[in-house]
Amino acid sequence: MMKRWFQFFKHKAYDFRWAILSGILVGTSYIPFPPWALIFCYTPLWIYVTEESSSVKKSFWAGWVTQFILTLIGFHWIAYTAHEFGQLPWAVSYLALLLFCAFMHLYIPVAVAAGTWLRLRFKLSGGQTLFTIALLHALLERTWPVIFEWHLGYTLIWSKIPMYHLADLVGFHGLSAVVLLFNAWMGYVWLKQSFVKKALSHLSLLALTFAALVGWGFWHGKAWNKFDGETKATVVQANIGNLEKIYAEQGRAYQEVITRKFLDLSFAAMQKYPQTDILIWPETAFPDYLDQHLLDRKHAQILISGLQPLGRPLITGAYSKDPKADEKQDTSTYNALFLVDPLGNNLDKPYRKTELLAFGEYLPLSEQFPFLLKLLPFVSNFGRGHGPEVMKWDTPQGSVRWGGQICYEGLYPSFTRGLAEKGADILVNVTNDSWFGKTFEPQQHLYMTLARAIEVRRPLVRSTNTGVSTAVLANGDVLQKSPLHEEWSGQFVIKYLKNAPLTFFVQWGHWDWIVILLVLGAVIGRGALNARSRRS
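From a predicted model like this one, the values you see are computed outputs, not experimental measurements.

Parameters at a glance
Residues numbered from 1 in each chain as written. Predicted model: local features only at pLDDT ≥ 70, side-chain atom pairs only at ≥ 80, totals over all residues. Heavy atoms only, no water. Pairing = 2+ DSSP bridges. Helix = DSSP H or I, 4+ residues; strand = E, 2+ residues; numbered from the N terminus. Axes fitted to C-alpha atoms, helices over the stretch in contact; angles between N-to-C directions. Contact = heavy atoms within 4.5 Å. Polar contact = N/O pair within 3.5 Å; in protein donor to acceptor, adjacent residues only side chain to side chain. 1 Å grid on protein atoms, 1.4 Å probe; cavity = no way out; pocket = protein on both sides within 12 Å on 5 of 7 lines; lining within 4 Å. Points joined across faces, edges and corners; volume = space filled by probe spheres on them. Disulfide = S-S within 2.5 Å. Buried < 20%, exposed > 50% of the residue type's maximum accessible area, 1.4 Å probe, protein only.

Draft legend 1. View of the sheet that holds strand β9 (residues 460-464). Sheet architecture is open: five strands sit in the order β6-β7-β8-β9-β10, paired in mixed fashion. Every other strand in the sheet has two partners, leaving β6 (390-395) and β10 (470-472) as the edge strands with one partner each. Taken pair by pair, the neighbouring strands of this sheet meet at an average axis angle of 25 degrees, ignoring direction. For strand β7 (residues 398-406) and strand β8 (residues 426-431), the ladder comprises five bridges, and the chain directions are parallel. What sits directly across from Gln 405, in β8, is Asn 429. Along the sheet, helix α16 (residues 413-421) contacts β6, β7 and β8; its crossing angle with β7, the most-contacted strand, is approximately 165 degrees.

Encoded structure:
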C-alpha cells in the first residue's frame, strides 16, 4: 500500500513539476527574500498550461499546486499565529496552516483554468494564452477575498527597485500587474526559443522596457523631495508579551504594569531625545479607556501623572467607549487611536478602527445575525468605526493633521486614499505584531504598510509593540528600523509638505482595471479572429 501511494505521488510530482517549480520561485521571491525570480516566477506554470494536452481541469490543479507551495513558503507563520493567538495545540495549528494553504489563494488556479478555457474556446495561441492568464490573474488578485492581501508589487519597495515610485500613479496593484505581464513576456520568449532572432529581439526589448520603468520611477520619485514642514516624533516600543496583553485585556493587574513600563521607557527616551515634539505609542499600548469622559479612571490617572513631567503630547492606541446615558446599557468597546496632551485631554476626537480583523476583532456575519455572538461568546466583538479620520494637532508653527491607521488598516489602499483626501499631512500606523513571532510576517506587514505612503505621497510613522517600528518619507526614504522583540525607542525627523497635492492614484484609484479589461478583450478578440481566418 505504501509503495503504491509513493508511486502515485512520485508520478504526480513529475507531472506537475513545472507547477511545483513556480510555487518555489514565487515563494522565494517574495518578502523577505531577494526578488531573484520576480519577472519569471509564474512563467513555468503558465507555459505548462499552454501545452496542447492541457485541459481546464489539469490547469486548475497545476495552479492549485503552485499556490499551495508558495503559500506554504511565504505564509508558514500562520501556524505560529494559530498556536499563539488561538492557543491551539501545535498539531491543530499545522492543520490550520495546511487548510490556509489549500484555500486562501485560489484565484491563481482559477486564472490559469480560465485562461485554458479561453484558449480552447477561442483557439488562442500560446503567447496569447500567456498574456490572457497574466491579465486574468491581475484582475482576480485585487478582487478575490483574502485575509492577508499580498502581491508581487510589494517586492519592488522591499528590494528598493525604483519602479515602486510609480505607485502614486497606478498603486501597488498596478505595479503587480506590470510584473505579471513581464512573466507572460518571459514565457513568450521561451516559446519562441527555436526562432533565435525573434526570441533575442523580444528578450532585449523586455530588458529595455524594464530598465525604462526603473529609470522613470527613479526620476519620478525625485519630484517628492520637497518639504516645508518638520516634526520630531519619538516612537516607544515596549515589547509587551502576549500573555501580559491578554491579562490586561481581561482587566487583571497587568494594566498598571504595562502603563508604567511605557511611561518609564518614554521618560528614558525624552532624556535621550530632549527635542522631541510628540511621543507615539503602538496599538492598545494604553490598556484601558482614554476617552475624555473616562479620564477619572485609575489607569488614566496613572498615565496622566506620568505624562505631565514629560510635557509632550502623545499619540497612542487605547480603548474607546461611548458615553453612557444609562449605566445598564452596554455600549461597544472600540480599538482606537488617541491624540492627548500631557494632562490626558483629548486634542481631537479619537479615531476608532474601521477595518476589523475577522475572528480576532469581530465575528463575520454577526452584525447581520447577532445571535451568532451567543453561540461563540469567546470571539472578540469590537465596535466598528466610521471610516478614515484625521486628528488635528495645533502647534505654534501651525496645525499638523495626523491620519491614523490601526494595524490591519495599513493594508487597504482605499482606506489611506481616504486619509489623504481628508487632508492628512502625516500618516501614523500603530500595530501589534507580537502574535507572529520572528517569522516572515513582521517584514511583510512592514513593507505592505510603507507602500501606502508612496501611493498617497505622505510620510508615515509606524509604531509597533514588538517591531518593526520605523518611518518613511514621501520620497520613499525609509528611516531607522527597530529590532524585533526588544525594548526600543527612536526619534524620527518627519519632513512633510503642508497641503501636499493629491496624487493621481488618490484621485483615480485603481483606474488601470479598465485598461486591463480592454487589453484582455483585444487579446481574446484577436485570437478568435486569427482562428476564424485559419479555418476559412
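Don't stop here, the text continues.
Draft legend 2. Just the side chain of Thr 395, in detail. Topologically, Thr 395 is positioned in strand β6. At 2.4 Å, the side chain of Thr 395 forms a polar contact with the backbone oxygen of Gly 398.

Draft legend 3. Focus on empty space enclosed by the protein. Applying the stated criterion across every chain yields a total of four cavities of 30 Å³ or more. Counted as a void, the largest cavity has a volume near 50 Å³. In this structure, the largest cavity is lined by Trp 224, Lys 226, Asp 425, Arg 457, Arg 458, Pro 459, Ala 474, Tyr 496, Leu 497 and Ala 500.

Draft legend 4. Spatial organisation of the state of the cysteines. Considering all chains together, one arrives at zero disulfides under this definition. Not part of a disulfide, Cys 41 finds its nearest cysteine sulfur in Cys 101, a span of 17 Å.

Draft legend 5. Highlighting the sheet that holds strand β3 (residues 314-321). What the six strands build is an open sheet, ordered β5-β4-β3-β2-β1-β11; its pairing is mixed. Among the strands making up the open sheet, the edge pair consists of β5 (351-352) and β11 (488-496). As paired strands, β3 and strand β4 (residues 333-340) are joined by eight bridges and run antiparallel to one another. Bridge pairing in β4 links Leu 314 to Val 340. Its contacts with the sheet put helix α13 (residues 254-272) on β1 (229-237), β2 (278-280) and β11, and the angle it makes with β1 is roughly 135 degrees.

Draft legend 6. Representation of helix α5 (residues 77-85) in the model. What α5 keeps buried is the set Trp 77, Ile 78, Ala 79, Thr 81 and Ala 82. Of the surrounding elements, those touching the buried residues of α5 are α4 (56-74), α6 (90-103) and α17 (441-456).

Draft legend 7. Inspection of the side chain of Ser 463 at higher detail. Counting through the fold element by element, Ser 463 comes out in strand β9. With a relative accessible area of 0%, Ser 463 lands in the buried category. Within the structure, the side chain of Ser 463 is placed 3.5 Å from the backbone oxygen of Ile 280, a separation counted as a polar contact. Setting aside residues up to four positions removed in sequence, Ser 463 forms contacts with Val 235, Val 236, Ile 280, Trp 281, Pro 282, Glu 283, Asn 429, Val 430, Thr 431 and Ser 469.

Purely spatial values, then, with no claim about function.
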